[in-house]
2 protein chains.
Amino acid sequence: MKNHEQTGETPTFVTHLECAMTGARYEADRLHGLSEAGRPLVVRYDLDGLGKALTKDALAARPTGFWRYREFLPVRRAENVVSLGEVETPLIPLPARFAPNVLVKDEGRLPTGSFKARGLALAVSMAKELGLGHLAMPTNGNAGAAMAAYSARAGIRATVFCPADTPEVNVSEIELQGATVWRVDGLINDCGRIVGEGKEATGWFDLSTLKEPYRIEGKKTMGLELAEQLGWRVPDVIFYPTGGGTGLIGMWKAFAELEAIGWIGPKRPRMVAVQASGCAPIVRAFERGEEHAPLWQDAHTVAAGIRVPAAVGDFMILRAVRESGGFAIAVDDEAIIAERDRIAREDGLLLCPEGAATAAAYAAALADGRVDRADEAVLFNCATGLKYPMPPVARTLDHRPPIDWTRF
Amino acid sequence: MKNHEQTGETPTFVTHLECAMTGARYEADRLHGLSEAGRPLVVRYDLDGLGKALTKDALAARPTGFWRYREFLPVRRAENVVSLGEVETPLIPLPARFAPNVLVKDEGRLPTGSFKARGLALAVSMAKELGLGHLAMPTNGNAGAAMAAYSARAGIRATVFCPADTPEVNVSEIELQGATVWRVDGLINDCGRIVGEGKEATGWFDLSTLKEPYRIEGKKTMGLELAEQLGWRVPDVIFYPTGGGTGLIGMWKAFAELEAIGWIGPKRPRMVAVQASGCAPIVRAFERGEEHAPLWQDAHTVAAGIRVPAAVGDFMILRAVRESGGFAIAVDDEAIIAERDRIAREDGLLLCPEGAATAAAYAAALADGRVDRADEAVLFNCATGLKYPMPPVARTLDHRPPIDWTRF
């Protein structure tokens, strides 16, 4: 149960990387960004070997937290594992708001308070393994915080670019955790362009969503962990707040790998990509039957984490959603905030706006019949609600007697 | 591994309650505040029966989170367990700042982002079991948030009083989670007086630290969990940020109960009570050899959670510290913030000021020889650092080319 220690060398089963679009093969253990086709690279494993080396019982005896899935991950040497205490995130029902088969997976319990820790723990560990000295990324807040914290721990320099209106708490957190953070007068795609354009001049490595192969492997642990928590089965439907979509893609990959080693059957959850009405490129492309999702103009939503006008992995998200029999759905800001407030008030769980968006989407899909009340549904709350603006409270009391007790 | 479900009835081994000062016996399963002597009540168990009913192996097979210790807890009926996903909090070394045998137990991963969740989960569950309809408490922020969230979930009305300068995030969080929160022009003891005085007129139940018997049982789980994480042994020394001191008292009780059932030996950690120089009543009483700690005048510190001028369990804290061979130590705000900033920058872990105080205290005790470099030390980070003020960042960048890359 010593969850602060990694035990020995990490036996990895990585065989190679491949282009998610063309299938072209790339060598493992080398530095890679996008493929030659300009598309994300995904990591492939010797799943036969993995299935023979690891049993469910052996796994069950390990400390909690996602490094228990190390055979499914690409880090070769245990000393390169960069860890900040990645707990198993809980599944929490919302008994007042929904039926007992609707569960929130609360990713806000991870280091730096968001699911971005999963991807960045892996990306930074691999950056360490590959000897990188300077990492850079665009962020709406949470990814930058995770990159900062894991980079600090790895002793790697980190530079972060965020939209000018990123909340103060995110910007301060990034800087406090050792990164240099710049507020940029634009959106996350403008920040991303700066990171890309500066690569040659600065020598930094671009850690943007899906522009390197390993964040997806970290996000994959959401799928592994969820299946293990449910006793090696999957739920009927997953509602996932979709910006860059790495987590949705990662979970889809996780389920395929688990089936390949025989730990789950062929059943898959329906994957539902949740976006905000003010920034819904994936929803638009899904509804039009298109393979790619062009840039969304004038993106705006209170759910900053899904304010992603263009996703490099658009085709991977759409492919997973369609293969799963799922759908893409947009909810407006009013519904998001109303759902956040209602769930906090009635069920005592303060979701982030992106997490609340999945609850609003679930409610809408229930109403229009796209999900059934009997379906076991998992809603991803991707970050702690504490990082987001909340309504102020003005109620004051003078402590000197006499106090008018009828006020209470 | 289904950590969102409680399995069946809770076999409890509670025999009675007793006054922590006089030892007078009180009946279990009845509503109790303080004892007739005006002192805290503590819960006593049939430890023989408990030790026969539960094995370490049976425990190891249970879902993670502190409800796994249900035999050590007072809730009789499973349907009264109020839960928000109480994960096992990780032990995280600080390799850049300290030796590998110095571990942070990061309590910020619990519901509502602080260790207050432990105590309030139990207190609210017992309030439900005992049929209470309205709970009230004074808070510096985190306890109020935890009471609000658990009360919302239990469907119990909650009223909270906090000092006027309590950070906006805490006040908003409390209100959003269904409680009614009042800012009071005073400190936490003034708020506490209001709660006490209003009991009769309002009918609310006073859930203040140690003024009811069950928060201590929740905090006890820190000791149970820590011992289990370390393979059923205790560390050499524990640095604990001490306001009301429930956690320190609770852990001390946990270790005694674990020894009584033979799961750990007689060894105890040295318990170190950490306070801020601007509010150090326990340190003053410890140094003077006194049994009680009178009210500290003009209390002030950035570590709001330990800005507790008077603790009703003062004698229990001092007793545990002395019995353990530990000590009480104060650190100033400058050292607290410097330590927070340094650990975030070098080790990527953003502690709360109270947690940073334990790190500053460890460094001071190492320097003056009160702890040895070889000691295994556990520092309690009692809350997420995200709820506290951080330095602002002003760095901005125009995204339009040309960008001067030499700036990075």
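Residues numbered from 1 in each chain as written. Chains lettered and ligands numbered in written order. Predicted model: local features only at pLDDT ≥ 70, side-chain atom pairs only at ≥ 80, totals over all residues. Heavy atoms only, no water.

By the naming in an unreviewed UniProt entry, chain A goes by Threonine synthase and is assigned to Oceanibacterium hippocampi. Under the heading Cofactor (unreviewed entry), UniProt records this for chain A: "pyridoxal 5'-phosphate". (UniProt positions renumbered as here; feature names shortened; annotations may be inferred.)

K.L.:
When you look at the pattern of salt bridges in this model, what are you seeing that I'm missing?
P.N.:
If the charged atoms of two oppositely charged side chains come close together, the side chains can form a pair. Summed over the entire model, instances satisfying the criterion amount to 58 salt bridges over all chains. Close ionic contact of Asp106 of chain B with Arg109 of chain B constitutes a salt bridge, the shortest N to O distance being 2.9 Å. Note on accessibility: Asp106 of chain B and Arg109 of chain B belong to one class, buried. Here the salt bridges share partners, and the residues they tie into one network are Lys105, Glu107, Arg118 and Glu225 of chain A. (Salt bridge = Lys/Arg side-chain N within 4 Å of Asp/Glu carboxyl O. Buried < 20%, exposed > 50% of the residue type's maximum accessible area, 1.4 Å probe, protein only.)

K.L.:
So what exactly am I meant to see when it comes to the confidence of the model for chain A here?
P.N.:
Low-pLDDT portions of the prediction should not be read for the details of their coordinates. Within chain A, residue pLDDT values average 95, and 97% of them lie at 70 or more. Low confidence marks residues 1-7 of chain A, where pLDDT is under 50. Its contacts with residues over four positions away, or in another chain, come to 21 contacts. (pLDDT = per-residue confidence, 0-100. Contact = heavy atoms within 4.5 Å.)

K.L.:
Explain the domain arrangement of chain A to me, please; I cannot follow it from the model alone.
P.N.:
Much of the literature gives interface size as the accessible area that the parts lose upon coming together. All names here are of chain A. Segmentation of chain A into domains returns domain 1 (116-206) and domain 2 (215-386). The centre of domain 1, based on its C-alpha atoms, is set 24 Å off from the matching centre of domain 2. Contacts between the two partners involve 15 residues from domain 1 and, on the opposite side, 15 residues from domain 2. For the domain 1 and domain 2 pair, buried surface summed over both sides reaches about 1,300 Å², with 55% attributable to carbon and sulfur atoms. (Domains from an automatic or database assignment. Buried area = accessible area lost by both parts, 1.4 Å probe.)

K.L.:
How do you make sense of the interface of chain A and chain B when you look at a structure like this?
P.N.:
Chain A puts 80 residues into the contact, and the matching count from chain B is 82 residues. Summed over both sides, the interface of chain A with chain B buries roughly 7,000 Å², with 62% coming from carbon and sulfur. Linking chain A with chain B are four salt bridges, by the criterion used here. Among the ionic pairs, Arg395 of chain B bridges to Glu175 of chain A, the shortest N-O distance being 2.8 Å. Counting every contact that joins chain A to chain B gives 27 residue pairs in polar contact (both at pLDDT 80 or more). Of the residues forming the side of chain A that touches chain B, the biggest block, seven residues, is contributed by helix H5 (residues 168-176) of chain A. Classifying every residue of the side of chain A that touches chain B gives 37 nonpolar, 17 polar and 26 charged. (Polar contact = N/O pair within 3.5 Å; in protein donor to acceptor, adjacent residues only side chain to side chain. Helix = DSSP H or I, 4+ residues; strand = E, 2+ residues; numbered from the N terminus. Nonpolar A, V, L, I, M, F, W, Y, C, P; charged D, E, K, R; others polar.)

K.L.:
Got a minute to help me understand the UniProt feature "domain: Tryptophan synthase beta chain-like PALP" (unreviewed entry) in chain A in this structure?
P.N.:
According to UniProt, the positions carrying the feature "domain: Tryptophan synthase beta chain-like PALP" (unreviewed entry) are residues 82-382 of chain A. Secondary structure over residues 82-382 of chain A splits into 43% helix and 16% strand, and the C-alpha atoms at its two ends are 21 Å apart.

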